[in-house]
Amino acid sequence: MADGLKNLDLDEMLSNNVLPENESSISALDQKHQWHPYTQMKDFGSHIPVVEAKGSSLILENGNTIIDAISSWWVNTYGHGHPHIQEAIYKQIGKLDHVLFAGFTHPAAIKLADKLLPLLPGNFNRLFFSDNGSTSVEVAMKMALQYFYNKGNKKRRVLLAFENAYHGDTFGAMATGGLGVFNSAFADMLPTVVRIPIPEKGKENEASKALDQIDLEEVCGFIYEPLVQGAAGMQFYEATALNPILKKIKDAGAFLIADEVMTGFGRLETMFASEQTEIKPDIMCLSKGLTAGVLPMGLTVATEEVFRGFYDDDKSKALMHGHSFTANPVGCAAAIAGLELWESDEIQEQRSSLMARQKAFAEKLSAHPIATNIRVKGTLLALDVRSDETSNYNHGLRDELYGYFIENGVLIRPLGNVIYVLPPYTITKAELEKVHQTIINCLDKIQKT
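Residues numbered from 1 in each chain as written. Predicted model: local features only at pLDDT ≥ 70, side-chain atom pairs only at ≥ 80, totals over all residues. Heavy atoms only, no water.

Trainee: For the pattern of salt bridges, give the residues involved together with the corresponding values.
Mentor: Following the criterion strictly, the structure yields 14 salt bridges and no others. We note a salt bridge from E343 to K115, for which the minimum N-O separation is 3.4 Å. With E343 in the loop between α13 (329-342) and α14 (345-365) and K115 in helix α6 (residues 107-116), this pair connects stretches of sequence that are 228 residues apart. The partly exposed category is assigned to E343, whose relative accessible area is 47%. Close ionic contact of D399 with R398 constitutes a salt bridge, the shortest N to O distance being 3.6 Å. Three or more residues are tied together by salt bridges with common partners; here these are R126, E304 and R308. (Salt bridge = Lys/Arg side-chain N within 4 Å of Asp/Glu carboxyl O. Helix = DSSP H or I, 4+ residues; strand = E, 2+ residues; numbered from the N terminus. Buried < 20%, exposed > 50% of the residue type's maximum accessible area, 1.4 Å probe, protein only.)

Trainee: Can you tell me about unusual backbone geometry, naming the residues and giving the values?
Mentor: One non-glycine residue with positive phi stands out, namely Y38, at about 50°. For Y38, the location among the structural elements is in the loop between α2 (26-33) and α3 (41-44). The residue A327 is not glycine, and still its phi comes out positive at about 55°. Of note, A327 is situated in the loop between α12 (304-308) and α13. Using a relative accessible area of 0% as the deciding quantity, one classes A327 as buried.

Trainee: Can you tell me about the sheet that holds strand β2 (residues 57-60), naming the residues and giving the values?
Mentor: Two modes of strand pairing occur in sheets, parallel and antiparallel, and in both the strands are linked by backbone hydrogen bonds. Read from one edge of the open sheet, four strands run β1-β2-β3-β15, paired in mixed fashion. On the outer flanks of this sheet lie β1 (50-54) and β15 (410-411), each paired with one strand and no other. As judged from the four bridges shared by β1 and β2, these two strands associate in the antiparallel manner. The residue of β2 that forms the bridge with E52 is I59. Helix α16 (residues 429-448) contacts β2, β3 (65-68) and β15 of the sheet and is inclined by roughly 90° relative to β3. (Pairing = 2+ DSSP bridges. Contact = heavy atoms within 4.5 Å. Axes fitted to C-alpha atoms, helices over the stretch in contact; angles between N-to-C directions.)

Trainee: Outline a nonpolar patch on the surface, listing residues and values.
Mentor: Nonpolar side chains collect at one region of the surface, where F171, F186 and M189 lie side by side and expose about 290 Å² of accessible area between them. Here F186 shows up in the loop between α9 (180-183) and β6 (193-196). On the accessibility criterion, F186 (32% relative accessible area) is partly exposed. (Patch = residues over 30% accessible without salt bridge, like charges linked within 9 Å, V, L, I, M, F, W, Y side chains within 5 Å. Areas by Shrake-Rupley, 256 points an atom, 1.4 Å probe, with all protein chains shown as cover.)

Trainee: Could you give me a rundown of the pairing of β2, with the residues and numbers involved?
Mentor: The two faces of β2 match: S57 and I59 on one face and L58 and L60 on the other face are all buried. Between β1 and β2, which follow one another and run antiparallel, lie two residues, and G55 among them has a positive phi close to 60°. Pairing of β2 with β3, which is carried by three bridges, proceeds in the antiparallel orientation. Bridge pairing in β3 places L58 opposite I66. In this structure, the hairpin formed by β2 and β3 is closed by a connection of four residues, where G63 is found at a positive phi of approximately 95°.

Trainee: If you had to explain the environment of L411 to someone new, which residues and values would you point to?
Mentor: For L411, the position within the fold is in strand β15. Assessed through its relative accessible area of 12%, L411 is described here as buried. Between the alpha carbons of L411 and L58 there is a distance of 8.9 Å; along the sequence they are 353 residues apart. With sequence-adjacent residues up to four places away left out, L411 is seen in contact with L58, I66, I67, D68, A69, I70, Y402 and I406.

Trainee: Describe the packing of aromatic side chains, with residues and values.
Mentor: Within this structure, the stated rule accounts for 16 aromatic pairs. Ring geometry for Y38 versus F182: centroids 5.5 Å apart, planes at 85°, classification edge-to-face. Of this pair, Y38 sits in the loop between α2 and α3 while F182 sits in helix α9, and the two are 144 residues apart along the sequence. We classify Y38 as partly exposed; its relative accessible area is 36%. Using a relative accessible area of 15% as the deciding quantity, one classes F182 as buried. Consider the rings of Y78 and Y425, whose centres lie 5.8 Å apart with planes at 75°: the pair is edge-to-face. Taken together, the residues Y78 in the loop between α4 (71-74) and α5 (83-95) and Y425 in the loop between β16 (418-421) and α16 connect sequence positions 347 residues apart. Using a relative accessible area of 0% as the deciding quantity, one classes Y425 as buried. Taken together through their ring pairs, the aromatic side chains of Y38, W73, Y166 and F182 make up a single cluster. Here the basic side chain of K154 rests over the ring of Y149, its NZ or CZ set 4.9 Å away from the ring centre. (Phe/Tyr/Trp six-rings, centres within 6.5 Å; stacked < 30°, edge-to-face > 60°. Lys NZ or Arg CZ within 6 Å of the ring centre and 35° of its normal.)

Trainee: Outline the side chain of N76, supporting the account with residue identities and numerical values.
Mentor: Turning to its location among the elements, N76 is positioned in the loop between α4 and α5. Here G293 takes part through its backbone oxygen, which lies 3.4 Å from a polar atom of the side chain of N76. Discounting residues that sit within four places of it in the chain, N76 has contacts with S71, R267, A292, G293 and P424. (Polar contact = N/O pair within 3.5 Å; in protein donor to acceptor, adjacent residues only side chain to side chain.)

Below is the structure:
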């Protein structure tokens, strides 16, 4: 056993929120062995030890609490430790914890399909399970590419995406992304993807002109984050501007792939953002809120037309993709429980209240001198902090903003100089008021410096 861990009594730590006397802290142990995501480990310092979570609160090793204002990377739609989801997981794990999904099936996967499919926009009929958002995108890309390969159409080998997109960190998903900070080290190794600008307000024609320069007869699929580009800095654009782009690509015979990993499960006014577009996708990528943010699971849903491109006497035309934990029954149970909560009056009332309070706060922010580009859609609120520095993911204000929020008991991870709030639907009025006031206080502090 690794040095420093051999004497650690995990049961004692978890039950009493303390460490044995010969260990200094969870953070100290963490620094010995853990390698964290999106982190330059040399200059980061120690990571914050969370020992418990309930509702919108993260409870730390020292007993302090932090309000989770971003749903722990946009996943915990109904907060932490929701009893309905806990009970569903407990019951499922007592019956069937896991079984391979190649050659076998189970009731939880069947029930999830029955509950989810009627909620999806368009004519979806097939579910392909994976492990996370990135892998759901990988599956979608392979579906689009192999569909035309199976049909003998070797010309359609081009994938189309928006500039500055982010669709994940596996190789295919990285290729469709446009953010250099995530993929520049692998730029010469990635599949070729053609990009067009998003049809943001005032620049809709630029996207259309770029599309006109592309031979759409060579495109197999277009992947897009509907209405909001998340990691790009919560960049909003309208469904009315997206519709003509989708129609032109669809009419040319290519598949539309909606990446709803972040936008799905009620984040942007409707259950799925694609409900707000006239032209519906052929393939959708889901994760994050799929299991209410409790367990890792990815899902790529497809129309029957896409599925039929693989349904053949020729075994080589099968979709040769899989994951060890495909359709894990416990994950399916969490997803079913999440959908049951979505159907409840209580959650819909909480969500409606959250949307109204976010909108009201956006109006209040409009009076602040350094709050710019204030935007709100559904449960998501975002703003740019005015700065002389060009906006980017590693903007100089990022660490300062993050540190201020943590010091004041709020978890917000700014995207450069972009502050956003995307909390659980169950966040209380008092908690959200504290989040909003902390943002105001932070802006005031920056303005004075």
